[in-house]
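# Inside the fold
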Amino acid sequence: MSSEQKLLHISTSPHVKHIETVPSIMLCVCLALIPAFAASVYLFRLKALVLTAVCVISCLATEWSIVRFLLKKPSTLGDFSALLTGILLAFNLPPDLPPWMAAVGSVFAIGVAKWAFGGLGHNFVNPALAGRAFLTASYAAPMTVFNVPDFWKARGWTISGLSEKIIRPVSDTLDGISGATPLPTFSGITEALHAESARLVDLQFHIIDFQEALPRLFFGNVGGCIGETSAAALILGAIFLWYKHIIGIRVPVLYIGTVFLLTWLFNGTGSFFTSEALLVPVYQILAGGLMLGALFMATDMVTSPVTPKGKMIFGVGCGILTFTIRKFGGYPEGVSYSILLMNLTVPLIDRYTRPKIYGKVKKNA
Amino acid sequence: MIKEELKRGIIAENPILVLALGLCPALAVSTSLQNGLGMGCAATFVLICSNIIISLIKKWIPEKVRIPCYIVIIATFVTIVELTLKAYFPELNNQLGIFVPLIVVNCVILGRAEAFASKNNLGRSIIDGFVMGLGFTLALCILAIIREVLGSNKLWGLKVFPGFRPMTIFILAPGGFFTIAFVMAMINYFRQKKEGGQS
Amino acid sequence: MLDILKLSIALTIVAIGSGLVVAFTYYNTGEEIQAQERRNQMEALEAVFPDGVEIKTRSGNNPLPSTYWVAQTDSGLAGYAFKQKSKGYAGDIQVIVGVAPSGEILGLNILSHKETPGLGDRVSEKPSKKYIWNVLAGTSEKTSPWFTEQFKDLSVFEEIKIDKSTEYHTCSDEKKGKLEKTNTITAITGATISTRAVKNCIRKNVPEYLNYLKSSGESS
């Protein structure tokens, strides 16, 4: 200790500090999620409010107790990262999930996915998504029941009402329609005719009226996780973040673009330029958790690559995985798993896309 | 001496939790206490028998072919266990399934044969096989109890807590990794605490 | 050269010794293992037929499966049993199903499956209200797998519908009667694929087998 005191104290670079700090970035992301939060409360009413509150409170409580009792260090609540994890996790949960399950997921997200690996900056997967994956594996049934928002229920829309309007049963030998997200219909279009195929989850119906379906998806009048339904609100928030230079444009655009391209190429209608063939990919990028995932989860600073080329690889990889899981997988939604899987490849991507050092001559030049 | 040996097998050199040997069967069969205990007993039997034979014939086995010889001996005992289970414990055999034949490649057994039985006399090899098998079985049981209670709210196939909703992930592979990680972390924590207290 | 010879001799001796021991064990357990397998097969068959029938093994030609079973009572033919499999969520689900010549399902037994624990593996779940504490106190309870039980008395000739709103073991008797009348089973919550796979095991081929057996006049 004494020898250290004698030394001149010089901090490592950068010596010029930007006003942008970890707490300010985290707060900005939280702010950017406000439109989506407002939309979710508007659509799902009290349920969204309760789930978000439970997630945020249990995330903060877990963070506080770990830092206070296990690490015995000053509180880290001030960097707002636990707050953000709580909000994002809540956005990834279906509205009818029992709140205590949300709390279990939050404890896992902060306790295992974040702090077991060393806390903010050391976690190798997105804690909120890890929490969601934990809940999906643990409580698969409640995690995959998506009901129509209360807002629309109050106006006489039920799942069956909705389905009569925009979804037409393919055959009459139906097992009944359950309220899945609009997503399963993608595989449904290609596979609906083989209604007995084992891969079919709840795919007995298929979308026929895109004019009715797309605006609903854009503004969030569909079943789904509480924060993912309204694409418009999410895009609004993302534009704010992009304007503040907190998220780059590469990951989200390439991610969504890849999904768009692949679903267009494999749209299942047998042609490429009919209106239906073009609407299938539009439908795919608006439905499910893609917007939320691509704009807010895949762009997480800690768990995405730092190099420009790496970001591109990351975005395209997420897109390919999402498409693969949606088209061939047993789960109705693949966004969370694709981002988690790509999170794991980040160290490798960063290592192989390290930019050339300026002024250094190539070995063989 | 027995006490020290027991301590070595169960705590200081626990095959799963400290040496991290044989993790594959540990993950695969620690989904219920019945399976864990069954697997532990089967592996212990093979471990003791192979240790006995190997320590007896170590002088006659040439250095260059010792590993194939050990594997043949281990495989023999595994086959005996497998046939016996099939004939007299069909329920357990159905549960353990593929993992009984896989005891052959369980590195705990080959590891002890190579590291201990081939260098020590009969008595010590038997004791080593016994304590190591005990450590393996106990570790499996600890993991299995945690995973079975959390993952299916059951213990020995019977429900435990009324109203508790089990977390399925704990009987899936990821839950197995989490459980092993946490048990290892606890062991390391207490060990460090103990060592820290002594110095 | 001598060295190689020595190595091969050592290895050969170990292998011969091991072979002898294994052969000895097999000799002593082989019969028991076969008996065990036969017992398992009989148990599975008895579970899908009513009590007090005589079960015979038959070998069939196309379109019939190579092995099937016939159950007879004193008053005549009671039913057939077929082994069937269908693709579940993870791997094949294998069942044995007993049907009366009229197409009425007598019983269903899941032989093997690889479904997800906690979800799809509930196809063979036995609902139990018994806790470990009850066992320590010494109370006993008889349970049976609810999922396969609900197939009993349904018809294989009609489409078996799936009701996702409830689970059979929680239904009232009135609801159970209604389900039976409409040829409906209840799904396992969150495991529609497994539910449908088991249903497919029965709907696939079994009606054709029965029709073939009827047309070939093999009713005795």
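Below or above, wherever it landed, is the structure these notes cover. (Residues numbered from 1 in each chain as written. Chains lettered and ligands numbered in written order. Predicted model: local features only at pLDDT ≥ 70, side-chain atom pairs only at ≥ 80, totals over all residues. Heavy atoms only, no water.)

## What about the overall build of chain C?
Looking only at helices and strands, one finds 6 helices and 7 strands in chain C. Reading the secondary structure of chain C in the N-to-C direction produces α-β-β-β-β-β-α-α-β-α-β-α-α. The C-alpha atoms of chain C give 23 Å as radius of gyration, which overshoots the globular expectation for 220 residues (17 Å, by more than 25%). Counting only C-alpha atoms and orienting by the principal axes, one finds that chain C spans roughly 85 × 55 × 35 Å. In chain C, which comprises 220 residues, the share counted as buried stands at 41%. Sequence separation of 24 or more characterises 52% of the internal contacts of chain C that already satisfy a separation of 6 or more. When the accessible surface of chain C is split by element, carbon and sulfur atoms take 53% of a total near 12100 Å². Taken together, the 26 basic and 26 acidic charged side chains of chain C have centroids lying 4 Å from each other. (Helix = DSSP H or I, 4+ residues; strand = E, 2+ residues; numbered from the N terminus. Rg over C-alpha atoms; globule rule 2.2 N^0.38 Å. Buried < 20%, exposed > 50% of the residue type's maximum accessible area, 1.4 Å probe, protein only. Contact = heavy atoms within 4.5 Å. Areas by Shrake-Rupley, 256 points an atom, 1.4 Å probe, with all protein chains shown as cover. Lys, Arg positive; Asp, Glu negative; His and termini not counted. Charge placed at Lys NZ, Arg CZ, Asp CG, Glu CD.)

## Let's talk about the state of the cysteines
Counted by the stated rule, this structure contains 0 disulfides over all chains. For Cys55(A), which is in no disulfide, the shortest distance to another cysteine sulfur is to Cys59(A) and amounts to 6.3 Å. Owing to a relative accessible area of 0%, Cys55(A) belongs among the buried residues under this scheme. Unpaired in terms of disulfides, Cys41(B) finds its nearest cysteine sulfur in Cys141(B), a separation of 7.6 Å. (Disulfide = S-S within 2.5 Å.)

## With respect to a nonpolar patch on the surface
Residues and elements named next belong to chain A. A surface patch of nonpolar side chains, about 570 Å² in accessible area, is lined by Ile-239, Trp-242, Tyr-243, Ile-249 and Val-253. Among the elements that line the nonpolar patch, the one with the most residues is helix 13 (residues 231-243), at 3 residues. Structurally, Ile-239 is set in helix 13. (Patch = residues over 30% accessible without salt bridge, like charges linked within 9 Å, V, L, I, M, F, W, Y side chains within 5 Å. Salt bridge = Lys/Arg side-chain N within 4 Å of Asp/Glu carboxyl O.)

## Quick notes on the sheet that holds strand 4 (residues 92-99) of chain C
Residues and elements named next belong to chain C. Spatial strand order, 1-2-3-4-5: 5 strands in an open sheet with antiparallel pairing. Lying at the two open borders of the sheet, with one neighbouring strand each, are strand 1 (54-59) and strand 5 (105-112). Neighbouring strand axes in the sheet, compared pairwise and without regard to direction, differ in orientation by 25° on average. Here strand 3 (residues 76-87) runs beside strand 4; their pairing, made up of 8 bridges, is antiparallel. Each residue of the ladder has a partner; that of Phe-82, found in strand 4, is Val-97. The sheet contacts of helix 1 (residues 2-48) involve strand 1, strand 2 (67-73), strand 3, strand 4 and strand 5, and relative to strand 5 the element is tilted by about 150°. Across the sheet, helix 6 (residues 206-215) touches strand 2, strand 3 and strand 4, and the angle it forms with strand 3 is around 150°. (Pairing = 2+ DSSP bridges. Axes fitted to C-alpha atoms, helices over the stretch in contact; angles between N-to-C directions.)

## Some points on the packing of helix 3 (residues 33-57) of chain B against helix 4 (residues 66-88) of chain B
Residue and element names in this part refer to chain B. Contact pair helix 3 / helix 4: the axes reach a minimum separation of 9 Å and the direction vectors enclose 140°. Our classification of the angle between helix 3 and helix 4 gives oblique. Here the hand of the crossing between helix 3 and helix 4 comes out right-handed. Only Tyr-70, Ile-73, Ile-74, Phe-77, Val-78 and Val-81 of helix 4 make contact with helix 3, whose side of the interface consists of Ala-42, Phe-45, Val-46, Cys-49, Ser-50, Ile-53, Ile-54 and Ile-57. Residue composition of the contact of helix 3 with helix 4, by class: 13 nonpolar, 1 polar and no charged. (Parallel < 35°, antiparallel > 145°, perpendicular 65-115°, else oblique. Left-handed = near helix turned anticlockwise from the far one by under 90°. Nonpolar A, V, L, I, M, F, W, Y, C, P; charged D, E, K, R; others polar.)

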